[in-house]
Amino acid sequence: MSSPLSTENTRTYETIAAAIRYIRQHAKHQPSLTEVATAVDLSEHHLQRVFSAWAGISPKRFLQYLTKEHALQSLKSSADSLTAAYTAGLSGGSRLHDLMISCEALTPGEIKAGGAGVELRYGVALSPFGLTLLGWTQRGLCYLAFLDDDATERYTELCQQWPNAIMLQDKPGADALLKRIFPSHPQPQKLHLLLRGTNFQIKVWEALLNTRSGQFYSYSQLATATGSPKAQRAVGSAVGANNIGYLIPCHRVIRESGESGHYRWGAERKQAIHGWEYAKAMRESEDDEKQSP
């Protein structure tokens, strides 16, 4: 499979997003490959090829994965595993897409200082899900936003979070970070995240770091995992306040009904990540089976 950061795959994301949009809008009658291909102005063969190359699964398999029945089953099966992971003290250091994620939080004093004296590097880089804006300091990655004709707004948002920092544009550094996050040849990597939020928000984000790729989780499950089962609304606010897209996987949180729900960086992108993660989890499972004696 080609590198997920290749130019061809990145450009293909726009087509995939359009296909996902059509599938979501017509999911009730299970659109055929012909219907989806016509909607995105491609032949069936071409759509099948580019969709499978990008997502790792066929459009039909992707549609099956995004059905409400599958989502509800995933919610049911993921509840105990999430609670067990969190209560076992795994927060802040779990495996995510071959990455070992560790994190620390800014202190109230550091937040008040607004990054005074800190060099904050930033840059735009291509991901499998479109352009991203990244921000990082020597202590770790603090910002990852997906862009949709809103680069100026996202840059302003980053600056507002670090008003007194020394801003340094670093395109090569951003490209290097994206290659670590989405490696063409997966291998163990270490990434450090620098979190800015309330104690409760950070608790929710740490719980998200313990979720499994290819699974869905509800707001109530996250609330229970963090020891505050009645704080579903606050959990929702914490999920929406996440500034490090994908790595803190708020995209895995869906509604109790099985509906995908909102996503800060777009519903189609959220479902694209769902399918991409699911395909990756399937391949990893198959590889593990092959290696088993």
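All figures in this text were calculated on a predicted structure; none of them were measured in a lab.

A.B. asks: Mind laying out the packing of aromatic side chains, listing which residues take part and the relevant values?
C.D. replies: Evaluation of the coordinates by the stated rule reveals 13 aromatic pairs. Centre to centre, the rings of Tyr13 and Phe129 are 6.3 Å apart; their planes meet at 90°, and the pair counts as edge-to-face. In this pair, Tyr13 sits in helix α1 (residues 7-25) while Phe129 sits in the loop between β3 (119-127) and β4 (130-137), placing the two residues 116 residues apart along the sequence. Its relative accessible area of 6% is what places Tyr13 among the buried residues. By relative accessible area, which is 0% here, Phe129 ends up buried. For the ring pair Tyr122 and Tyr155, a centre distance of 5.1 Å and an interplane angle of 50° mean the geometry is tilted. Linking Tyr122 in strand β3 with Tyr155 in helix α7 (residues 151-161), this pair joins segments that are 33 residues apart in sequence.

A.B. asks: Could you give an account of the nonpolar core, naming the residues involved and the relevant values?
C.D. replies: For soluble globular proteins, the rule of thumb is that nonpolar side chains tend to be buried together. Ranked by internal contacts, the top residues of the largest apolar core, which has 77 residues, are Phe129, Leu134, Leu141, Ile181, Leu193, Tyr246 and Leu247. Counting residues per element, this core draws most heavily on α1, which supplies seven residues. Apart from residues no more than four positions distant in its own chain, Leu141 is found in contact with Leu134, Gly135, Trp136, Leu177, Ile181, His192, Leu193, Leu194, Ile244 and Leu247.

A.B. asks: Before we move on, can you summarise helix α11 (residues 232-240) with the specific residues and values?
C.D. replies: What α11 keeps buried is the set Val235, Ala238 and Val239. Viewed end-on, α11 has its buried residues packed into an arc of 100°, placing them on one side of the element.

A.B. asks: Provide a residue-level description of helix α9 (residues 199-209), including the pertinent values.
C.D. replies: By the criterion of burial, α9 is predominantly enclosed, with eight of the eleven residues buried. Of the positions making up α9, those classed as buried are Gln201, Ile202, Val204, Trp205, Glu206, Ala207, Leu208 and Leu209.

A.B. asks: Quick one: what's the story with the environment of Lys230, residue by residue and with numbers?
C.D. replies: Structurally, the position occupied by Lys230 is in the loop between α10 (219-225) and α11. Classification of Lys230 by relative accessible area gives exposed; the value is 84%. Considering only alpha carbons, one finds Lys230 and Ser220, ten residues apart in sequence, at a separation of 7.7 Å.

A.B. asks: Can you tell me about the packing of α9 against α11, naming the residues and giving the values?
C.D. replies: Two elements in contact, α9 and α11, have axes whose closest approach is 9 Å; the angle formed by their N-to-C orientations is 75°. On the basis of their axis angle, the class for α9 and α11 is roughly perpendicular. Every residue of α11 that contacts α9 at Phe200, Gln201, Val204, Trp205 and Leu208 is listed here: Ala234, Val235, Ala238 and Val239. For the contact of α9 with α11, a count of residues per class yields eight nonpolar, one polar and no charged.

Definitions and cut-offs
- Numbering of residues starts from 1 in every chain and runs along the sequence as written.
- Local features are withheld for residues below a pLDDT of 70 in this predicted model, meaning they are given only at 70 or higher, and side-chain atom pairs are given and counted only at 80 or more; totals for whole chains, interfaces and linings count all residues.
- To obtain the side-chain values, all non-hydrogen atoms of the structure were included, while hydrogens and water were left out.
- Here is the rule: rings of Phe, Tyr and Trp (six-membered ring for Trp) pair when centre to centre is within 6.5 Å. Planes less than 30 degrees apart are stacked, more than 60 are edge-to-face, and the remainder are tilted.
- Secondary structure elements follow DSSP: runs of H or I no shorter than four residues count as helices, runs of E no shorter than two count as strands, and numbering proceeds from the N terminus.
- Throughout, exposure labels follow a simple rule: accessible area from a 1.4 Å probe, protein chains only, divided by the maximum for the residue type, with under 20% read as buried, over 50% as exposed, and the rest as partly exposed.
- Side-chain atoms within 4.5 Å are what join buried Ala, Val, Leu, Ile, Met, Phe, Trp, Tyr and Cys residues into a set we call a nonpolar core.
- Any pair of residues with heavy atoms lying within 4.5 Å of one another is described as a contacting pair.
- By construction, the arc corresponds to the directions joining the helix axis to the C-beta atoms.
- For helices, the fitted line uses only the C-alpha atoms of the stretch in contact; every axis is such a line through C-alpha atoms, and the angle between N-to-C directions lies from 0 to 180 degrees.
- In these notes the angle categories are as follows: under 35 degrees is roughly parallel, over 145 is roughly antiparallel, 65 to 115 is roughly perpendicular, and the rest is oblique.
- Nonpolar residues are Ala, Val, Leu, Ile, Met, Phe, Trp, Tyr, Cys and Pro. Charged residues are Asp, Glu, Lys and Arg, and all others, Gly as well, are polar.

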